[in-house]
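# Structural overview
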Amino acid sequence: MNKNDLKKIIAISAVTAAAAAATVIVVSQYRKTKEEMRQHELSVKNKTAYITGGGLSAFAAALYLVRDCGMDAARVHIFTNTKYNHGNGETGYICRRGKVINEKSSNLFELLCDIHSLDIPDLTVCDEILNIYSANPIMRNISFIDDEKNVIDISDIRLNKEHRSTIISLMKENKEKLRNLPVNEAFPANFFGSYFWKLISATYGFSTESNTYEFINAVTHMDDMLSGTLPADFDRQEEIIEPLKAHLKDIGVDIRENAKVTDIDFEDSSVSAIHFTDDGVRKSVYPDSDDICIFPTDEMAECASCGSFTESAPRIFPAPFKLWEKLAEKHPAFKNPTALFSDDDSNMSEEFTITLSNRMLPELIDKVTCGALGLDGVIVLDNSNWKMTICAVPPSHFKNQSEDIAIIWGTASRPDRDGEYCAKPMTSCSGAEILYELVSCMNLDEAWEDIRETVINVIPCHRRYDKSYLAPVASKLEIIPTGISNFAISGDFAENESGIVFTEEYAVVTARKAAYRLMKNKRKIYQSKPVSLRRIKRTLRNLVK
């Protein structure tokens, strides 16, 4: 063998050895990864999840844990004692201000693609909602009525240059500063006389004491918030929550209906004990270090009391945020909820639902307002003392709603003022007094007796902390609180910079982030893209009804 042949053999051997070594590394890495995946699967299957409340955010988190993160459904426990009552056609319905669902609610629709309708099993809830919207694709008509009950022309509600400049400059401000700033300190006084402000506040429930950050966020996303927040074409509890809850039960998730978490203990930066009542019996569970806990906050503001045709809504309430207060005493990551749930009336809303045996009252209102109410229109009586807003609730809103029944939902931005005709605050009025005020404001008091005969009920509803997520407070809670390893927060009071708190999407996205981060799931989450400053300037400059 000559010298050149020997060099070739050595070179070939070296290449072969290198290839073999590389193969060994690849195989070794594959086996290591496979073992890690196996260990992860075992770890996931042995984990237990505790979700300390009900509602959309809680049920969404449970489904993500099972569907996307591989948890055993039987090891997911939800504690909920929410009692939902939307009434009926015999004793009167109860509507409430809803949250926005639009074509950009990507996470919500993706979630509901797996949930079957309770009425049509072959149809998903996603398909059912899209069918409802496609049957009525036109935006609600919002009309302002003057003292003479004439419709005010607000076809052009462009902001003036000063107000546009204020909004643009506020968009560039520090977010934490804006969260602390009430709207009335951020805008000149003449802004609140504009129909732009009146339209936004009537539709979304803003007050002059609201958080400037949330107001600016809503304004800059106006073109995405097409459906507003007034009662829409369906009841959210019936159409979304109940099918989702039924699906979770079907797949084996443990939903404890009459259970309420009263306290949570922490040890070594993780949840060590969960204390709750189950049908009134005090109980506790002690999670392992690998277990997880999710704290949904979208029920924190669910504090309402209802009156009747003869009685006002009582102003005696429980405090649904008591658990949050206890957590804040134990760990700084929970901050202080007191500022959000203050005892003054800045966070409350007053609503009412009128249930009628026929359409006599809506038709009379249409007669004096040239058809402004219709089947799903909105009327703002901006010159009334209470500054009432009324909304025609579509016949499809409740699933058991008879076609003969007509429903009108209403609210007021100044319920603390004396009415023009009943001479006392709306918060102290019975359903009959609220109805009489509305009828009189519409110059229909001569038809009062005839209208009264068509009334099934008028139910006033006082929602004590309804706008608490709009309070001017520095910041919300981190989804994964700093310093706690196995705990996450979701819902209205969880921080989600790319979301709009007025949307159902917000509850779902925060739940998805909570589940994924706790389970170290790197699957993609749909996120809204930030709106460009140029587009916002163009929208504000060209804004029309």
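Further up the page is the structure itself.
Keep in mind that what you see is a predicted model, and the values were worked out from it rather than measured.

We now examine helix α10 (residues 236–250). Between its first and last C-alpha, α10 extends 20 Å over 15 residues, near the 21 Å set by a 1.5 Å rise per residue. At glutamate 242, α10 shows its strongest bend, of approximately 25°, with the proline proline 243 following within four residues. Packing partners of the buried residues in α10 comprise α2 (56–67), β2 (76–79), α3 (106–112), α4 (125–135), β7 (254–256) and α15 (504–519). Taken from the residues just after α10, glycine 252 is the one with a positive phi, measuring 105°.

Right, let's talk about the pattern of salt bridges for a bit. Taken as a whole and assessed by the stated rule, the structure comprises 30 salt bridges. Taking the shortest distance from any N to any O, the salt bridge between lysine 175 and glutamate 495 comes out at 3.9 Å. On the criterion of sequence distance, the pair formed by lysine 175 in helix α6 (residues 175–180) and glutamate 495 in the loop between β18 (487–490) and α15 is long-range, its members being 320 residues apart. The salt bridge involving lysine 283 is made with aspartate 278; its shortest N-O contact spans 3.4 Å. Taking relative accessible area as the criterion, aspartate 278 reaches 16% and is therefore assigned buried. One network of salt bridges, with partners in common, ties together Arg67, Asp68, Glu110, Asp114, Arg512 and Arg523.

Before going further, it helps to spend a moment on a positive patch on the surface. Taken together, the side chains of Lys172, Arg534, Lys537, Arg538 and Arg541 define a basic patch exposed on the protein surface. Examined against the element boundaries, arginine 541 turns out to sit in helix α16 (residues 533–542).

On to the nonpolar core. Core analysis: the biggest nonpolar cluster contains 107 residues, and Phe187, Phe215 and Phe487 have the highest contact counts within it. Among the elements that make up this core, the one with the highest residue count is α2 (10 residues). Setting aside residues no more than four positions away along its own chain, phenylalanine 187 makes contact with His163, Thr166, Ile167, Leu170, Phe192, Phe215 and Ile216. Ala372, Cys429, Ile434 and Ala447 belong to the second-largest nonpolar core, a separate cluster that totals 34 residues.

For the coordinates displayed, the defined rule picks out 4 cavities of 30 Å³ or more. There is about 70 Å³ of room inside the largest cavity. What lines the largest cavity is Arg97, Ser201, Ala202, Gly205, Phe206, Lys387, Thr389, Thr411, Ala412, Ser413 and Lys467. At the level of elements, α8 (195–204) and β16 (406–412) are the ones that each hand at least two residues to the lining of the largest cavity. When its residues are assigned to classes, the lining of the largest cavity shows 3 nonpolar, 5 polar and 3 charged. What the second largest cavity holds in volume is close to 60 Å³. Contributing to the lining of the second largest cavity are Arg179, Asn211, Leu340, Tyr469, Ala471, Val473, Ser475, Lys476 and Phe493.

In β18, alternate side chains face the same way, and those of Phe487 and Ile489 on one face and Ala488 and Ser490 on the other are all buried. As judged from the 4 bridges shared by strand β11 (residues 292–296) and β18, these two strands associate in the parallel manner. Counterpart to proline 296 in the pairing with β18 is serine 490.

About the cut-offs
- Residues numbered from 1 in each chain as written.
- Predicted model: local features only at pLDDT ≥ 70, side-chain atom pairs only at ≥ 80, totals over all residues.
- Heavy atoms only, no water.
- Helix = DSSP H or I, 4+ residues; strand = E, 2+ residues; numbered from the N terminus.
- Expected span 1.5 Å × (residues − 1).
- Bend = angle between axes of the 7 residues up to and from the residue.
- Contact = heavy atoms within 4.5 Å.
- Salt bridge = Lys/Arg side-chain N within 4 Å of Asp/Glu carboxyl O.
- Buried < 20%, exposed > 50% of the residue type's maximum accessible area, 1.4 Å probe, protein only.
- Patch = residues over 30% accessible without salt bridge, like charges linked within 9 Å, V, L, I, M, F, W, Y side chains within 5 Å.
- Areas by Shrake-Rupley, 256 points an atom, 1.4 Å probe, with all protein chains shown as cover.
- Lys, Arg positive; Asp, Glu negative; His and termini not counted.
- Charge placed at Lys NZ, Arg CZ, Asp CG, Glu CD.
- Core = buried A, V, L, I, M, F, W, Y, C linked by side-chain atoms within 4.5 Å.
- 1 Å grid on protein atoms, 1.4 Å probe; cavity = no way out; pocket = protein on both sides within 12 Å on 5 of 7 lines; lining within 4 Å.
- Points joined across faces, edges and corners; volume = space filled by probe spheres on them.
- Nonpolar A, V, L, I, M, F, W, Y, C, P; charged D, E, K, R; others polar.
- Pairing = 2+ DSSP bridges.

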